[in-house]
Amino acid sequence: MTFLAKVKSGKVLISDGAWGTFLHEKGLQPGECPELWNVTRPDDVYDIAKSYIDAGADMIETNSFGGSRFKLEHYGLADRAAELNEAAAAISKKAAGDACNVLGSIGPTGKILIMGDITEDEIYDAFKIQAMALAQGGADAIVVETMTAIDEAVLAIRAAKENTPLPVICTFTFEKTIEGDYKTMMGVSPEMMASAVLPAGADVIGANCGNGMERMIDIITVLRRIAPGTPLLVHANAGAPIVQKGKTLFPEKPQDMFKLTPRLIEAGANIIGGCCGTTPAHIAAIARAVKLYEKDK
Amino acid sequence: MSDFVEQLALCVERGKVNKESLYPPDLKGQDGADELAKQALERGLQPDTILKGCILGMDRIGSKFSQNKAFVPELLMAAKAMTAAMDHLKPFFQSGEVKRKGTLIIGTIAGDLHDIGKNLVAMVVEGGGFEVVDLGTDVSTEKFLAAIEAHPGSIVGMSALLTTTMVNMESAIRAIKEKYPDTMVLVGGAPVTQQFADRIGADGYSPDPQGAVAILNKKVA
């Protein structure tokens, strides 16, 4: 069954948890390029992917969030974008096997188009290289994530749709405003996002990162209302980070996510996973909650 | 004169850079911050009035940003308009005819390559009438110390986006305070909180750029 067919089967699917915070736990130093580990420490990257599959995830992402040439150039690795992305997908594919799927991760370039310091063509080309390499390495879908600006997200979606045969997921990062509604830092509401990324070709939309699962329920409620027929994905942070004794902690425990999962499904989520601060234990808890929910249905 | 300050402030607040600029659509074809500043000098207005207009406009957009009534794109365009006007002031800054309120040395902390938030603060602080020395991203403690040495009496601002790098602020602040105990250090960034700022010995924290300007204004008042 294709990835999209699985998503549309009506069953709630489980995605993976955090990569960045996991890599740091495995020894990635601040200032070190995470994507370089796909070739220098592939076994550690594989361990992360495999631990989420073992926790019950139906799909895993790839270690390629910062794999665009614009991010890699900070480390002098811009010319290795294709190689590092392909390696990322191949590692996750090995962990996923045939039963599970691989979502090729594409994050923001860190460039802001309206400032005019970069052209649309340059951004499109960077995303094209990334998407094609992820497809080449074995990704079953592309996930354009942590987006805040419509123009950049649309370019990424188009680059993936026009240059690979893969379905595309697009998730934005929304924050709660003083008014109580949700907007990205660029001022994009869930409504604005859906009305731009769906025509651009996104097959699945949703939200990632943010400040925990509770707020994701609000966001998914809005997205479900404005995109009734579109599969929705959530990758929630384990709450907003707090620092204690020089260590960063994420307050939401697996048990908290277990409890909130049924409400997230009720709100309309079709794929549920984690973002910063979530661990295989969080994913296992979400998987348990989904199983219980489907049994009771 | 107050008419001019108001006019320029409006261009800055709305992000109207110059006449050719198509942004914002409702001001198409009108003079922007660039033309207004140029005309002001030609008409013999005090250069200082240009700075006043910039400060007023940036204060308005900065406040809207703090209240979630404006977002990053609006703030960036305002900063672009402000820069267009301020460019005309360069010779007067150099000659000392127009003085800034003080200097902020700013940089993203060691290990962290994110610069959007840091740049926004730098722009708004510059628009608040301060000189900004931008050290870029991944700034080591040594670089901060060298910049303080080169710009005595400056205030330091540090930014972090990652929870893994924000902890590096603590050692940087300790080193700065050891060598320059009187130097004020402000911190900011998505994962940073007032509580964290207090714990690592920072002198100030703001969740948004306008708050940083308020702290700086209080310091130089």
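So, here is what we can say about the structure in this document. (Residues numbered from 1 in each chain as written. Chains lettered and ligands numbered in written order. Predicted model: local features only at pLDDT ≥ 70, side-chain atom pairs only at ≥ 80, totals over all residues. Heavy atoms only, no water.)

**So, the environment of Thr193 of chain B**
Convention followed: For the purposes of this entry, the term helix denotes a DSSP run of H or I that reaches at least four residues, the term strand denotes a run of E that reaches at least two, and both are numbered from the N terminus. The definition of a polar contact used here is a pair of N or O atoms within 3.5 Å, where within protein one atom must be able to donate a hydrogen and the other to accept one, and adjacent residues in sequence count solely through side-chain atom pairs.
Position of Thr193 of chain B relative to the elements: it lies in the loop between β4 (185–188) and α9 (194–199). One polar contact links the side chain of Thr193 of chain B to the main-chain amide nitrogen of Phe196 of chain B, over a distance of 3.1 Å.

**Some words on the pattern of salt bridges**
Residues and elements named next belong to chain A. For clarity, the cut-off: In what follows, salt bridge is the name for a side-chain nitrogen of Lys or Arg lying within 4 Å of a carboxyl oxygen of Asp or Glu. Burial here depends on accessible area, computed with a 1.4 Å probe over protein chains only, as a share of the maximum for the residue type. Under 20% is buried, over 50% is exposed, and the range in between is partly exposed.
One pass over the structure, following the stated rule, counts 22 salt bridges over all chains. Note that Arg80 and Glu83 form a salt bridge whose closest N and O atoms lie 2.9 Å from each other. Given a relative accessible area of 32%, Arg80 falls into the partly exposed group. When its relative accessible area of 37% is taken as the criterion, Glu83 is described as partly exposed.

**Let's talk about the side chain of Thr148 of chain A**
As for its position among the elements, Thr148 of chain A is in the loop between β4 (141–147) and α8 (150–163). Thr148 of chain A gets classed as buried once you look at its relative accessible area, which sits at 18%.

**Overview of helix α6 (residues 116–127) of chain B**
All names here are of chain B. Here is the rule we go by: In a helix, the anticipated span is given by 1.5 Å times the number of residues less one. Throughout, a residue-residue contact means that at least one pair of heavy atoms, one from each residue, lies within 4.5 Å.
The terminal C-alpha atoms of α6 lie 16 Å apart, and with twelve residues this matches the ideal 16 Å at 1.5 Å per residue to within 8%. Listed as buried for α6 are Lys118, Leu120, Ala122, Met123, Val124, Val125 and Gly127. Contacts made by the buried residues of α6 are with α3 (47–66), α4 (72–86), β1 (103–108), β2 (131–134), β3 (155–159) and α10 (209–220). Phi for Gly129, located one or two positions after α6, is positive at around 100 degrees.

**Regarding the packing of aromatic side chains**
Worth spelling out the cut-off: Only rings of Phe, Tyr and Trp enter the pairing, Trp through its six-membered ring, and a pair is recorded when the two centres are within 6.5 Å. The plane angle decides the type: under 30 degrees is stacked, over 60 is edge-to-face, the rest tilted. Lysine NZ or arginine CZ positioned within 6 Å of the ring centre and within 35 degrees of the ring normal marks a charge as sitting over the ring.
Evaluated as defined, the whole model comprises two aromatic pairs over all chains. Ring geometry for Phe22 of chain A against Tyr52 of chain A: centres 5.9 Å apart, planes inclined by 90 degrees, an arrangement best described as edge-to-face. One end of the pair, Phe22 of chain A, is in helix α2 (residues 20–25); the other, Tyr52 of chain A, is in helix α4 (residues 42–54), with 30 residues separating them in the sequence. Assessed through its relative accessible area of 0%, Tyr52 of chain A is described here as buried. Measuring from ring centre to ring centre gives 6.2 Å for Phe172 of chain A and Phe174 of chain A, while their planes differ by 25 degrees; the resulting arrangement is stacked. Neither Phe172 of chain A nor Phe174 of chain A differs from the other in exposure class; each is buried. The lysine or arginine in question, Arg41 of chain A, covers the ring of Trp37 of chain A, its NZ or CZ lying 4.0 Å from the ring centre. One cation-aromatic arrangement involves Arg100 of chain B over Phe93 of chain B; the distance from NZ or CZ to the ring centre is 3.5 Å.

Nothing here speaks to function; it is all geometry.
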